[in-house]
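# A closer look at the structure
Read off the chains here:
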Amino acid sequence: AIGSAARVPTKYARRTVLEGLSWWVPVGFGDEEWADRMLAKERLPYRAFTHAREVSTGGVMLDIGAHDGSTSIPRVVLGEVETCYCAEPDPINYACLVANVVENGLRGFVLPDRIAIGASDGVARMRRTKASRGHVVTDAPLAVGEDLVEVRVRALDGWVNSLGLDP
């Protein structure tokens with residue numbers, strides 16, 4: 001994961017600083033104006049996390065579909081959880097997640113894995129949307145102009161066991 005941090009695809013991601021954290025944000029496949037609008041909308045939801053503190057402090061978090069870490073990283077920074085294991089299958093989102101972990105000194109606290117979580121282990125096709133969120137793992141036929149990538153899939157129980165976690 002750390003080796004991929006230097007390979008953030010800048011055509012599809014922008015670096016900014018949000019709430020004092022260095023942040024790589026996937027901006028999808030739109031034009032420059034669309035990318036700038038998407039970047040302006042990114043916010044770290046600190047307030048929402050502090051409202052949930054009573055029921056979620058400490059321990060381990062699993063972030064399924066972690067995107068760029070906009071949920072897991074603030075939870076770790078705020079002390080909501082000690083460690084967060086992140087599953088993110090999209091290569092661009094994953095590269096941004098890893099870069100955000102590395103640039104903010106969170107190695108060993110936020111642990112990215114480029115994987116989709118599904119019903120069984122294997123390989124699947126993921127349909128990527130224009131935005132960097134909302135991608136769908138599918139076995140539907142490819143439509144003209146769609147962007148599909150192959151992703152590794154693990155069943156949740158198998159992934160948790162491979163991490164050495166005791167549910």
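Above: the structure in question.
### Topic: the environment of Ile115
Note that Ile115 resides in the loop between β5 (110-113) and β6 (116-118). By relative accessible area, Ile115 is classed as buried at 1%. Setting aside residues up to four positions removed in sequence, Ile115 forms contacts with Ala87, Glu88, Pro89, Arg152, Val153, Arg154 and Trp159.

### Considerations on the sheet that holds β5
Read across the open sheet, the three strands follow the order β3-β4-β5; overall the sheet is parallel. Of all strands in the sheet, those bounded by a partner on one side alone are β3 (60-64) and β5. When the angles between neighbouring strand axes are averaged without regard to direction, this sheet yields 15 degrees. The pairing of β3 with strand β4 (residues 83-87) spans five bridges and is classified as parallel.

### A closer look at helix α5 (residues 91-103)
Look at α5: 18 Å from first C-alpha to last across 13 residues, which is about the 18 Å you get at 1.5 Å a residue. Most of α5 sits out of view: ten of its 13 residues are buried. Of the residues making up α5, those classed as buried are Ile92, Asn93, Tyr94, Ala95, Cys96, Leu97, Val98, Ala99, Asn100 and Val101. The distance from a side-chain oxygen at the start of α5 to the backbone nitrogen of Ile92 is 3.2 Å, and the residue carrying that oxygen is Asp90. Positive backbone phi, approximately 65 degrees, marks Gly105, located one or two places after α5.

### Describing the side chain of Ser72
Relative to the helices and strands, Ser72 resides in helix α4 (residues 72-77). The class of Ser72 is buried, set by a relative accessible area of 0%. In contact with Ser72, not counting residues within four places along its chain, are Met61, Asp63, Cys84, Cys86 and Val110.

### Focus on the pattern of salt bridges
Counted by the stated rule, this structure contains three salt bridges. Measuring nitrogen to oxygen at the nearest pair gives 3.7 Å for the salt bridge that ties Arg75 to Glu80. For Arg75, a relative accessible area of 15% translates into the label buried. Looking at Glu80, the relative accessible area reads 0%, which means it is buried. Close ionic contact of Asp121 with Arg154 constitutes a salt bridge, the shortest N to O distance being 3.4 Å. Taken together, the positions of Asp121 in the loop between β6 and β7 (122-128) and Arg154 in strand β9 (residues 147-155) put the pair 33 residues apart, joining distant regions of the chain. Among the residues examined, Asp121 registers a relative accessible area of 48% and is labelled partly exposed.

### Thoughts on the nonpolar core
The biggest cluster of nonpolar side chains holds 15 residues, and the ones touching the most others in it are Trp23, Ile73, Val76, Cys86, Val101, Leu106 and Val110. Contributions of two or more residues to this core are made by β2 (21-26), α4, β4 and α5.

### A few points about the environment of Glu88
Mapped onto the fold, Glu88 is located in the loop between β4 and α5. Between the C-alpha atom of Glu88 and that of Ile117, which follows or precedes it by 29 residues, the distance is 8.7 Å. Sequence-distant contacts of Glu88, that is, excluding residues within four places in its chain, are made with Gly65, Ala66, His67, Asn93, Tyr94, Leu97, Asp113, Arg114 and Ile115.

Parameters and conventions
- Residues numbered from 1 in each chain as written.
- Predicted model: local features only at pLDDT ≥ 70, side-chain atom pairs only at ≥ 80, totals over all residues.
- Heavy atoms only, no water.
- Helix = DSSP H or I, 4+ residues; strand = E, 2+ residues; numbered from the N terminus.
- Buried < 20%, exposed > 50% of the residue type's maximum accessible area, 1.4 Å probe, protein only.
- Contact = heavy atoms within 4.5 Å.
- Pairing = 2+ DSSP bridges.
- Axes fitted to C-alpha atoms, helices over the stretch in contact; angles between N-to-C directions.
- Expected span 1.5 Å × (residues − 1).
- Polar contact = N/O pair within 3.5 Å; in protein donor to acceptor, adjacent residues only side chain to side chain.
- Salt bridge = Lys/Arg side-chain N within 4 Å of Asp/Glu carboxyl O.
- Core = buried A, V, L, I, M, F, W, Y, C linked by side-chain atoms within 4.5 Å.

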